[in-house]
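Notes for the structure review
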There are 2 protein chains.
Amino acid sequence: MRIYLAGPEVFLADVEALAAAKRALCAEHGLTGVFPLDPPPRTLDGAPDADWPDWLRISQANEAHIRSCDALIANLTPFRGPSADVGTVYELGFMRALGRPVFGYTQVARRFGARTLAHLGPAARRRADGAWEDAEGMAVEEFDRHDNLMLEGGIVASGGCLVVEEVEPGRRWHDLAGFARCVAAAARLLGARG
Amino acid sequence: MRIYLAGPEVFLADVEALAAAKRALCAEHGLTGVFPLDPPPRTLDGAPDADWPDWLRISQANEAHIRSCDALIANLTPFRGPSADVGTVYELGFMRALGRPVFGYTQVARRFGARTLAHLGPAARRRADGAWEDAEGMAVEEFDRHDNLMLEGGIVASGGCLVVEEVEPGRRWHDLAGFARCVAAAARLLGARG
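Residues numbered from 1 in each chain as written. Chains lettered and ligands numbered in written order. Predicted model: local features only at pLDDT ≥ 70, side-chain atom pairs only at ≥ 80, totals over all residues. Heavy atoms only, no water.

1. Brief notes about the relation of the copies chain A and chain B
- When chain A is fitted to chain B, the best match, at an RMSD of 0.0 Å, comes from turning it 180 degrees and sliding it 0.0 Å along the axis. Such a combination of rotation and displacement between the chain copies is what one expects of a two-fold axis.
- Taken together, the interface assignments show that 100% of the residues at the interface of chain A recur at the interface of chain B, consistent with an identical surface on both copies. (Least-squares fit on C-alpha atoms with pLDDT ≥ 70 in both. Contact = heavy atoms within 4.5 Å.)

Following this line, the structure appears as structure tokens:
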């Protein structure tokens, strides 16, 4: 079974070592980990055009990778703000719409509402009903989840699960504890379906 | 034709007035605007369970709304950081995977790389090759686009378009200039397909 490994680690200088470590953990569970930077599959949904700019070629290679996989694991650790990386989240929604199981993990245990309030700082204010909003009047989402409800909703509805593993802040993009637990859970759930 | 209206405006206290204004602009172009807070369609992909928690019920109602629509317009104006709202981006990826046209608009003209550097401030640093990275060693994406390349890549590949309309910062969540241009472009492109 092929499992797409979505996450912002593609932005690390040492991404290849991390990709190899993730692939090895997948292999331990009998899964083939597919990394965004892998050569694109031959079964492209519209072969990439050599004339395309780099950003479009990469985007369409990633979409083709996702279509070629049986499931997806998303690294939903907060990235430059209260929420996960939007590229990863796009891919999570994409695979969910294909009807295949999606899994996620985050290496920050603090919940979304508290993280958002910390991000807003003194700009946060109370509405008449007691709910928090930001300086632009946008409510702080508070459903006691780990990010916007669409993310965990799609994961749960797909039959997947979200793993939460608090990791030392300086190691958040290299520690594989959350991923290891997530891939083990995914292997169990995918095996149960097979 | 039904068009799903994704965006973080659901977090505004006066969301209903904004939803009505967006629906009216859709109607001017012969389109039915479907707002996330509308009553969920009957054609649910797995009827929502009364026992579900609110966050899961909302998430699955939104997924059902998207499945019931012919196209999607996403408000990709940056939200609490350099990128768009992750709930909106999840929905964009979801509709793209269904193979239907997706459109986007942003009311901030400054590009993603410059916005990310402004967000990082003095924490940004240069790699040996001159590329920018953050304090955690994650590169600053710089393809001269308006957000992570997956977003605009999916829009372009779907046959849609991204509208950029700079709006006074204090009016970003209420000014409908970007949306109006986007829905007009969507109506033209969808009509050309019909």
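2. Concerning the interface of chain A and chain B
- Counting from both sides, the interface comprises 56 residues of chain A and, opposite them, 56 residues of chain B.
- If you look at where chain A meets chain B, you find four salt bridges.
- B:Glu63 serves as the salt-bridge partner of A:Arg96, at 2.8 Å between the closest nitrogen and oxygen.
- Summed over the shared surface of chain A and chain B, the number is 18 residue pairs in polar contact (both at pLDDT 80 or more).
- Put simply, the parts of the chain that give the side of chain A that touches chain B at least two residues each are α2 (54-67), α3 (86-97), α4 (112-120) and α5 (149-157) of chain A.
- Broken down by element, the side of chain A that touches chain B gets its largest block of residues, 10 residues, from α3(A).
- Here the residues of the side of chain A that touches chain B are counted per class, giving 29 nonpolar, 12 polar and 15 charged. (Salt bridge = Lys/Arg side-chain N within 4 Å of Asp/Glu carboxyl O. Polar contact = N/O pair within 3.5 Å; in protein donor to acceptor, adjacent residues only side chain to side chain. Helix = DSSP H or I, 4+ residues; strand = E, 2+ residues; numbered from the N terminus. Nonpolar A, V, L, I, M, F, W, Y, C, P; charged D, E, K, R; others polar.)

3. Topic: the sheet that holds strand β1 (residues 2-6) of chain B
Residues and elements named next belong to chain B.
- If you trace the five strands from one edge of the open sheet to the other, you get β2-β1-β3-β4-β7, paired in parallel fashion. With one partner strand each, in any of the chains shown, β2 (32-34) and β7 (162-164) form the two edges of the open sheet. Averaged over all pairs of adjacent strands, the angle between their axes in this sheet comes to 20 degrees, without regard to strand direction.
- Taken together, the three bridges between strand β4 (residues 102-106) and β7 define a ladder with parallel strand orientation. What sits directly across from Thr106, in β7, is Val164.
- Lying on the sheet, helix α1 (residues 15-28) is in contact with β1, β2, β3 (71-75) and β4; it crosses β1 at an angle near 150 degrees.
- Where helix α3 (residues 86-97) meets the sheet, it contacts β1, β3 and β4, and its direction lies at approximately 155 degrees from that of β3. (Pairing = 2+ DSSP bridges. Axes fitted to C-alpha atoms, helices over the stretch in contact; angles between N-to-C directions.)

4. A few points about the pairing of strand β4 (residues 102-106) of chain A
- Burial within β4(A) is extensive, with five of its five residues counted as buried.
- Along β4(A), one buried face is formed by A:Val102, A:Gly104 and A:Thr106 and the opposite face, lined by A:Phe103 and A:Tyr105, is buried too. (Buried < 20%, exposed > 50% of the residue type's maximum accessible area, 1.4 Å probe, protein only.)

5. What to know about the sheet that holds strand β2 (residues 32-34) of chain A
All names here are of chain A.
- Taken together, five strands build an open sheet; the order of strands is β2-β1-β3-β4-β7 and the sheet is parallel. Strand pairing shows two members of the sheet lacking a second neighbour, β2 and β7 (162-164), which therefore form its edges. Strand-to-strand twist of the sheet, defined as the mean angle between neighbouring strand axes without regard to direction, takes the value 20 degrees.
- The strands touched by α5 within the sheet are β4 and β7, with β4 carrying the most contacts at an inclination of about 135 degrees.

6. Section: the pattern of salt bridges
- Here the structure, examined in full by the defined rule, presents 22 salt bridges over all chains.
- Notably, a salt bridge pairs B:Asp134 with A:Arg80, separated by 3.0 Å at the nearest N-O pair. Residue B:Asp134 is located in the loop between β6 (132-133) and α5 (149-157), and its partner A:Arg80 is located in the loop between β3 (71-75) and α3; the two belong to separate chains.
- Look at A:Arg80 and you get buried, because its relative accessible area is 16%.
- Its salt-bridge partner being A:Glu152, residue A:Arg145 comes within 2.8 Å of it at the nearest N-O pair.
- By sharing partners, the salt bridges in this structure join A:Arg125, A:Arg127 and A:Glu133 into a single network.

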